[in-house]
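# Fold and contact review
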Amino acid sequence: MKRLQRRSCQRWYTTTMPPEQRTNGLFKRTETLLQGSCYFRPRILIDVSKIDMTTTILGFKISMPIMVAPTAMQKMAHPEGEYATARAASAAGTIMTLSSWATSSVEEVASTGPGIRFFQLYVYKNRNVVEQLVRRAERAGFKAIALTVDTPRLGRRESDIKNRFTLPPNLTLKNFEGLDLGKMDEANDSGLASYVAGQIDRTLSWKDVQWLQTITKMPILVKGVITGEDARIAVQAGAAGIIVSNHGARQLDYVPATISALEEVVKATQGRIPVFLDGGVRRGTDVFKALALGASGIFIGRPVVFSLAAEGEAGVRKVLQMLRDEFELTMALSGCRSLKEITRNHITTEWDTPRPSARL
């Protein structure tokens, strides 16, 4: 583990991601927007001496529209795992989302101190387990549920199959430890895939989004929407928000990058609920693109795990600060003093209709 901590973030990235993802999904699995797909249209001669990046998410004020996405099993990257990530997010004044499959429990993460935290939920076949978990998260002070809806089955993750992935013997899925569901058995292919096949409910439907609202007062964000059709149904089902996500481009090949799907989802909601982007953000310029396309904020996953592996809590603090600084600079150079001033007119994309030539 000490040797792992000394690796740079880039080395962690290139040694743990499958080849098609090392290139940011330029082949079958697309996570980031391809180069040349989006350009800025900056406005000039605007007083940008003061930049305000604060925003309010589901009633909670945060320092910037950059939040931490749920990523599982963080103690595989660093001994402090989710503890370190929670402290770093709190220090940055932003939201952390804890994965159901964390190696630290909701109670343990809450014990790290104050902070605004969401809880990502997988729905198990045993609904009593789901109810217990939701109520534990609520008692621990979590503020919202991010319901993952794109995983009735696990996508074909060939690196996991090749490596016969399973949790190391010293780690468990802490939220399920007392329910005899915290361990993954070894398998001939992927231990995670076998675990999902055995535990996750494939019958999950829109009715369950409504059912969740009957067992908790926490707002429900639907995570995994990439079409306008599903966005409209999410609104009708009472979702408090949508997270546009393709699960890090690891579920279904040939789906679009999340930022390419974002605008369709935003238009479908017609402003009735907030829409967030999860996946593909690597620079502060990406944050600006997402907000210009209508997102209320973004979630980052891999950058957090890479920085956690490299330097623990200090690494996560650093990556959040880097993205904040880059985003602030992008706002200033685009002539935007607050988030509400970032509009669709600040970018042009490959799918736009040609703009009429300006008359002299």
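The name recorded for the protein in an unreviewed UniProt entry is (S)-2-hydroxy-acid oxidase, from Raphanus sativus. In its Cofactor (unreviewed entry) section, UniProt records this for the protein: "FMN".

Looking only at helices and strands, the protein features 13 helices and 12 strands. The proportion of buried residues among the 360 residues of the protein is 54%. Of the roughly 16900 Å² of accessible surface on the protein, 51% is carried by carbon and sulfur atoms.

Ranked by internal contacts, the top residues of the largest apolar core, which has 86 residues, are Leu121 and Phe327. Ranked by residues supplied to this core, first place goes to helix H13 (residues 302–334) with 10 residues. Not counting chain neighbours up to four residues away, the residues in contact with Phe327 comprise Met53, Pro65, Ile66, Gly284, Val287, Phe288, Leu291, Leu339 and Ile342. One finds Met67, Ala69, Leu221 and Phe299 within the second-largest nonpolar core, a separate group that totals 12 residues.

This brings us to the pairing of strand S6 (residues 117–121). Counting buried positions over the 5 residues of S6 gives 5, a clear majority of the element. Of the two faces of S6, the one carrying Arg117, Phe119 and Leu121 and the one carrying Phe118 and Gln120 are both buried. Here strand S5 (residues 96–98) pairs with S6 via 3 bridges, running parallel. Looking at S6, one finds that Thr97 is bridged to Phe118. Bridging between S6 and strand S7 (residues 144–148) involves 4 bridges; their strand directions are parallel. Within S7, the residue paired with Leu121 across the bridge is Leu147. Regarding the hand of the β-α-β motif, the stretch spanning S6, helix H6 (residues 127–139) and S7 is right-handed.

The next thing to look at is the environment of Gly248. Positionally, Gly248 belongs in the loop between strand S9 (241–244) and helix H11 (258–269). The class for Gly248 is buried, based on a relative accessible area of 15%. In sequence terms Gly248 and Gly280 are 32 residues apart; their C-alpha atoms lie 7.6 Å from each other.

Time to look at helix H9 (residues 206–215). The complete set of buried residues in H9 reads Asp208, Val209, Leu212 and Ile215. Down the axis of H9, the sector holding all buried residues measures 120°, keeping them to one side. In H9, those exposed residues whose orientation departs by more than 90 degrees from the buried face are Lys207 and Thr214. On its buried face, H9 is in contact with S6, H6, S7 and strand S8 (220–225).

A few words on the packing of aromatic side chains. Within the structure shown, the criterion is met by 5 aromatic pairs. Seen from their ring centres, Trp101 and Tyr122 are 4.0 Å apart, and the 20° between their planes marks the pair as stacked. Of the two residues, Trp101 sits in the loop between S5 and helix H5 (106–110) while Tyr122 sits in the loop between S6 and H6, which places them 21 residues apart along the sequence. Under the relative-accessibility criterion, Trp101 is labelled buried at 3%. In this structure Tyr122 comes out as buried when scored by relative accessible area, which is 8%. Between Tyr124 and Phe176, the ring centres sit 4.6 Å apart and the planes meet at 25°, which makes this aromatic pair stacked. In this pair, Tyr124 is assigned in the loop between S6 and H6 and Phe176 in the loop between helix H7 (158–163) and helix H8 (191–199), connecting sequence segments 52 residues apart. Taking relative accessible area as the criterion, Tyr124 reaches 1% and is therefore assigned buried. Given a relative accessible area of 0%, Phe176 falls into the buried group.

Moving on to helix H10 (residues 228–236). Looking only at H10, the buried set comprises Gly228, Ala231, Ala234 and Val235. Projected down its long axis, H10 carries its buried residues within an arc of 110°, all on one side. At its buried positions, H10 is contacted by H9, S8, S9 and H11. At the exit of H10 stands Gly238, carrying a positive phi of roughly 90°.

What counts as what
Residues numbered from 1 in each chain as written. Predicted model: local features only at pLDDT ≥ 70, side-chain atom pairs only at ≥ 80, totals over all residues. Heavy atoms only, no water. UniProt positions renumbered as here; feature names shortened; annotations may be inferred. Helix = DSSP H or I, 4+ residues; strand = E, 2+ residues; numbered from the N terminus. Buried < 20%, exposed > 50% of the residue type's maximum accessible area, 1.4 Å probe, protein only. Areas by Shrake-Rupley, 256 points an atom, 1.4 Å probe, with all protein chains shown as cover. Core = buried A, V, L, I, M, F, W, Y, C linked by side-chain atoms within 4.5 Å. Contact = heavy atoms within 4.5 Å. Pairing = 2+ DSSP bridges. Right-handed = clockwise from strand over helix to strand, strands pointing away. Arc of directions from axis to C-beta. Phe/Tyr/Trp six-rings, centres within 6.5 Å; stacked < 30°, edge-to-face > 60°.

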